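Observations on the three-dimensional arrangement
Each chain is listed here by its residues.
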Amino acid sequence: MSTVGEATAPAPLRDRRRGVRALTPGFVAAVVFVVSLAAAVVVDHWSARNARRIAEGNVVTELSPYRANLQNAINQRMALLQGVAAYLKTHWDDPALDQGFDRYSAQIAQGNPVGVRSIQYVVDGRIRHTWPRAGNEAAMGRDLLNDPRPEISGDLRRAMEQPGIVLSGPTALYQGGRGLIGRLAVPLPMGSPSVVAAVVLDLPAVLVDARLNEMAGIDWILVDHRGERVDGSRADRSTFAGAPGLSIRLPDREWRLVAVPIGGWSVPVTQQQWPVRATLGVVVALLTLLAWALTAWQDARLDVERTETRRRADEKFQLLFNLVPDGVVVVRDADGMIIECNQAYAEIMRRPRQALVGQRMMDAGLWASGDERSAALANLRSSGSVHDLRFGIGLPDGSRREGMVTATRVTLDGEPCYLAIVRDVHDRLALERRLTEGQRLEAVGRLAGGIAHDFNNLVTGIGGYAALALEGMPTDDPGRADLIEIQRASGRAADLTRQLLTFARRQVVAPRLVDLNVLVREAQAFLQRLIGDGVGLVIETASTPVAVMLDPTQFEQVLTNLAVNARDAMPGGGMLTIVIGREDREALLDVRDTGTGIPSEAIPHLFEPFYTTKPQGQGTGLGLATVYGIVQQAGGRVEVSSALGQGTTFRIRLPVSDDVPARAADHPVPMPAGHEALLVVEDEPQVRDLTRRVLQRLGYQVQTAADGRAALALLDGGVTPALILTDMVMPGMGGGELVRHLAERSASPRVLLMSGYSEELVKSEHGDLPFLPKPFTPAELAQAVRSALDA
């Protein structure tokens, strides 16, 4: 009986409810003969085609993890380029760039040692430096832009012109073997050379690391973006025609991994022969059973494919999840349990990933401050998200680093959770603070340079007028000693201005032959004032003169920085000892303290700029870097020995000279005279008047001008001096512009330049013109004028 809307199925034929055709015995009897003859052919054809499809699917399934291994192996090594490019950008102006580059390359290569042949950087198309040097000497200095291979010269041009990583190869390497080359342009300021960071990979080693040779029962080849074979089977390529493969996506390149079973695609096909004499009922039962079996097999195969698809999706998610450079963590809101985190998060927190997943965040001590964590959680619950929130990361050793977190509320499996992105910004913030400190020092340096330049004019006037007063004073006059002291004080002031100009980088080094014993003894008084009464000072000089070539003003900076460090290492008082000696062809200067000592792990970094072991705010990290630079510039070196609680010794080694340091003259040197016409151009009235009076006493005919324009006016009015003495820096028209105007005249007088800056800086603009540095004495003025006239 049927209800409304239903119909009774016709007797002979069909039931489509499960996709199976129900056949009556009469129908089977009519077709059984045809089916029995055709079944073998149909089943054989179907089975062979299906078996091929299954085999291809199995090959692709087996290839998948090896494809992922190879793709990861290359991309992870290419990822090194981002760090290398960032390092070059940050340290490009560092004089010790190559040494720092080697240390940084060795550090980042520790995590990916297999297959990384070298890390290098290219400047204007030429390999400037490579790490490691051993084994890569053949690559140093190579001009890549003129390499005939397009995968070298052409890809380098692409790397220089476009953003992102450019991958070259496989190609023959200069240092031997075949490899891949990844390149990334370094974004430097306008006007800088074109710099490209590069990572060279040994392709066979990368293939071994990806375990491609471990595939059993499969013959494989790699095909690159040009359709050329990269590596794999020795068989003819036609063997792989039509074979399945997987795409391998690399930076701006795409490869393909293709495979076939060893021995071909022949798979036994089960053949069935239907009994001709089977009864109609058996035939119907067998056909029904066969349909059921095929349907069940198809469902099982689809289940396998769905499971495999789900597994591959999980693998892909885990791969991408762990390749994210920032730390990613998922935390359950109810109890603060860490549900999942990637490897970058574990590295930021300095803990194994296994020790974090499943643990409550509060118990893990990941936030250095509980108050910060509570405030962030309250903000999350009220607004649903936080962005770029700074917080203190608590490390297992009890130290703290600065981090930044961005988090948002999500729902996973019906439970409220928080997804957080965490970055370690400790080093970046430290660099920002160092940049601010450097800018402050630059501003102070500019101010110091301006003050020192103006002060040179005052010192010139003080010393010069004292010399004029001494010139006509009897030797037994009581005031003569006072004037001599004024001259000595002006000389000391001149040394101080040289220190200021050196600090402002407007005074180059002026080394001269000195006795190290004398220099240290002269510095004893100010060193004692510097270290205070709580620290004793002992100076042990050598028994004979120790002649060295150095800048005395810079040497005072060395003593000052070492004394300040020693004082800070002895807060409760102690003893500072300075010992001078000789060893073979070297002068030795030992500076010893009885302070707290230096940790052994800090000694290799002592001379790095901005590195300091002092608490934040109590040191710039530039003192020992300055000492190192000054000593190295003088041809010497610095050695350090220290132990905690046992004090520190800095030993400075300098080349010894066989010459004898000059001594001050016991009697004044006669000043050369003359009769020529001179023009003095000086904006400072005291210096201008002093120069005029000194030269007139020597017999010269002197006229003066307050700046360059006034001097040109005198020349246009008919004044024809034999020599023009001009200051470099003056309001209106300075000495440099005056020299350029004089060069345009047909009959130009000789010029003597005067400046508070160094001769080297002046000559960089005006060549070999005679130069008189300020401050100067009357004797130095007289000698310079006579030399300029007689040249």
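Scroll up to find the structure.
I will try to describe carefully the structure that is included in this document. All chains use their own residue numbering, which begins from 1 and follows the written sequence. The model is predicted, so local features are restricted to residues of pLDDT at least 70 and side-chain atom pairs to those at 80 or more, both for listing and for counting; the totals for chains, interfaces and linings are taken over all residues. Only hydrogens and water are set aside when side-chain values are computed; all heavy atoms of the structure are taken into account.

Concerning the environment of serine 543
We count a stretch as a helix when DSSP gives it H or I for four or more residues in a row; a strand needs E for two or more, and each element gets its number in order from the N terminus. Of note, serine 543 is situated in the loop between strand 16 (535–540) and strand 17 (547–550). Counting along the chain gives 37 residues from serine 543 to isoleucine 580, while the straight-line C-alpha distance between them is 9.2 Å.

Comments concerning the environment of aspartate 424
Looking at the secondary structure, you find aspartate 424 in strand 14 (residues 415–424). Assessed through its relative accessible area of 27%, aspartate 424 is described here as partly exposed. Sequence separation between aspartate 424 and glycine 392 is 32 residues; the distance between their C-alpha atoms is 9.7 Å. Here a residue-residue contact requires only that any non-hydrogen atoms of the pair lie within 4.5 Å. Ignoring anything within four residues of it in the chain, the contact list for aspartate 424 reads Ile348, Arg350, Arg401 and Glu402. Within 3.5 Å is the distance limit for a polar contact, defined as a pair of N or O atoms, with the added protein rule that one can donate a hydrogen and the other accept it, and that residues adjacent in sequence qualify only through two side-chain atoms. Engagement of the side chain of aspartate 424 in a polar contact is seen with the side chain of arginine 401, the distance being 2.8 Å. Among the polar contacts made by the side chain of aspartate 424, one reaches the main-chain amide nitrogen of histidine 426 at a distance of 3.0 Å. For the exposure calls, accessible area comes from a 1.4 Å probe over protein chains only, and a residue counts as buried if that area is under 20% of its type's maximum, exposed if over 50%, partly exposed in between.

Here's the deal with the environment of glutamate 540
Inspection of the secondary structure assignment puts glutamate 540 in strand 16. For the pair formed by glutamate 540 and leucine 589, sequence separation is 49 residues and the distance between their alpha carbons is 9.9 Å.

Thoughts on unusual backbone geometry
A cis amide bond links tryptophan 131 with the next residue in sequence, proline 132, at an omega value of -10 degrees. Despite not being glycine, aspartate 413 shows a phi value in the positive range, around 55 degrees. Tracing the sequence through the fold places aspartate 413 in the loop between strand 13 (400–412) and strand 14. Take aspartate 413: its relative accessible area is 82%, and that puts it in the exposed class. For aspartate 584, which is not glycine, the phi dihedral falls at a positive 55 degrees. Inspection of the secondary structure puts aspartate 584 in the loop between strand 18 (574–583) and strand 19 (586–593).

Some thoughts on helix 16 (residues 685–697)
Helical geometry note: an α-helix holds 3.6 residues per turn, so side chains three or four residues apart project in the same direction. Taking 1.5 Å of rise per residue, the 13 residues of helix 16 would be expected to cover 18 Å, and the 18 Å separating its terminal C-alpha atoms lies within 8% of that figure. Among all positions in helix 16, only Val687, Arg688, Leu690, Thr691, Val694 and Leu695 are buried. The buried residues of helix 16 occupy one face: seen down the axis, they fall within an arc of 165 degrees. A positive backbone phi angle near 100 degrees is found at glycine 699, which sits one or two residues after helix 16. A helix's residues, less one, multiplied by 1.5 Å, set its expected span. The arc in question is traced by the directions running from the helix axis to the C-beta atoms.

Description of the nonpolar core
Take the buried residues of types Ala, Val, Leu, Ile, Met, Phe, Trp, Tyr and Cys, join any two whose side-chain atoms come within 4.5 Å, and each joined set is a nonpolar core. Leu70, Ile74, Leu88, Ile119, Leu212, Leu222 and Trp255 are the most contacted members of the largest nonpolar core, which totals 50 residues. Broken down by element, this core gets its largest block of residues, 7 residues, from helix 1 (residues 25–78). Residue contacts for isoleucine 119: discarding those within four places in its chain leaves Val84, Phe101, Ser105, Ile108, Ala109, His129, Thr130, Trp131, Ala198 and Val199. Core analysis: the second largest hydrophobic core is formed by 40 residues, Ala523, Val546, Ala563 and Ala566 among them.

Digging into the pattern of salt bridges
The rule for a salt bridge is simple: a side-chain nitrogen of Lys or Arg has to be within 4 Å of a carboxyl oxygen of Asp or Glu. Using the criterion set out here, one finds 33 salt bridges in the structure. One salt bridge in this structure joins arginine 249 and glutamate 254, with 3.7 Å as the shortest N-O distance. Across the salt bridge formed by glutamate 586 and arginine 637, the nearest N and O atoms sit 2.7 Å from each other. One end of the pair, glutamate 586, is in strand 19; the other, arginine 637, is in strand 20 (residues 637–642), with 51 residues separating them in the sequence. Overall, the relative accessible area of 40% leaves arginine 637 in the partly exposed class.

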